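# Architecture and fold: a report
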Amino acid sequence: MMEKSGPTLETLMHRLAETPAEFLDEPRVGTSGKVHVAALVNDVLALHGQRAPLSALEYFVSSDARRDRNRLALVMIACWLLADEWFDSVTPPQNMVLNLLGATVAEMAQANAAHKFVHDPDRREELVRVVLARLDYRPAGESVAEATDRLSGISGVERKRLLEASRAAEQRAADIRAALARKAAEESADKWSRE
């Protein structure tokens, strides 16, 4: 994760701070709102020479404002970030971009209001770091360890993911220990039965 060096953190944070009003407008949910988010996602992919299948774009269409308004608003902000010329130069894989704009942004939108990722410096840094990390990049000038440490320090979503991964690793280790104990007990029982 984050094996490749990306752009400077400051450049992308500055871009977020200057997000145009059009990207902060109301997402289209049902019959209200202005911005058709699925079209915006497809436009960002087209900047990178890609086209998303209709089935993938359906996730960015909603009729439930209470559930999806904030998520779609954050997708719009993330699209602004991904439209930066630096991302054009590296052409991130479509599946990674769609996963970022889908599951990752949805999780982030549950924790904070979308516009905080523009107006609050810590949330701007969080969004930039999460976007880069999900596309396997780290900010320029940072080692993998530094980038990982800073990401886990600033992102509640990342802390949660790391905690879940740690718990899963602990469970796997416990399962392995239990399997080894069973095998040792079986071998001991076989030894006694032969004697």
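Presented here is a report on the structure given in the accompanying data block.

Conventions adopted
- Residues numbered from 1 in each chain as written.
- Predicted model: local features only at pLDDT ≥ 70, side-chain atom pairs only at ≥ 80, totals over all residues.
- Heavy atoms only, no water.
- Helix = DSSP H or I, 4+ residues; strand = E, 2+ residues; numbered from the N terminus.
- Rg over C-alpha atoms; globule rule 2.2 N^0.38 Å.
- Buried < 20%, exposed > 50% of the residue type's maximum accessible area, 1.4 Å probe, protein only.
- Contact = heavy atoms within 4.5 Å.
- Areas by Shrake-Rupley, 256 points an atom, 1.4 Å probe, with all protein chains shown as cover.
- Lys, Arg positive; Asp, Glu negative; His and termini not counted.
- Charge placed at Lys NZ, Arg CZ, Asp CG, Glu CD.
- Core = buried A, V, L, I, M, F, W, Y, C linked by side-chain atoms within 4.5 Å.

Helix and strand content of the protein chain: ten helices and two strands. Its helices and strands in sequence order give the protein chain the pattern β-α-α-α-α-α-α-α-α-β-α-α, from N to C terminus. Taken over the C-alpha trace, the protein chain has a radius of gyration of 22 Å; the compact-globule value for 195 residues is 16 Å, which it surpasses by more than 25%. Each principal axis of the C-alpha atoms in the protein chain carries an extent, and together these give about 80 × 40 × 30 Å. Buried positions account for 42% of the 195 residues belonging to the protein chain. For the protein chain, the proportion of contacts with a sequence separation of at least 24, taken over those separated by at least 6, is 74%. In the structure as shown, the protein chain presents an accessible area of about 10600 Å², 52% of it carried by carbon and sulfur atoms. One finds the centroid of the 26 positive side-chain charges in the protein chain at a distance of 4 Å from the centroid of its 30 negative side-chain charges.

Membership of the largest hydrophobic core comes to 51 residues, with the highest contact counts inside it found for Val41, Phe60, Leu74, Leu82, Phe87, Leu101 and Leu127. If you list the elements that add at least two residues to this core, you get α1 (9-17), α2 (37-47), α4 (65-82), α5 (85-90), α6 (94-111), α7 (116-119), α8 (121-134) and α9 (144-154). Not counting the four nearest positions on each side in its chain, Leu74 is found in contact with Val105, Met108, Ala109, Ala114, Phe117 and Leu127.

So, about the environment of Phe23. Among the structural elements, Phe23 can be located in the loop between α1 and α2. Relative accessible area serves as the criterion here: at 17%, Phe23 is assigned to the buried category. Sequence separation between Phe23 and Val75 is 52 residues, and the spatial gap between their C-alpha atoms is 9.4 Å. Setting aside chain neighbours within four positions, we find Phe23 in contact with Leu40, Met76, Ile77, Cys79 and Trp80.

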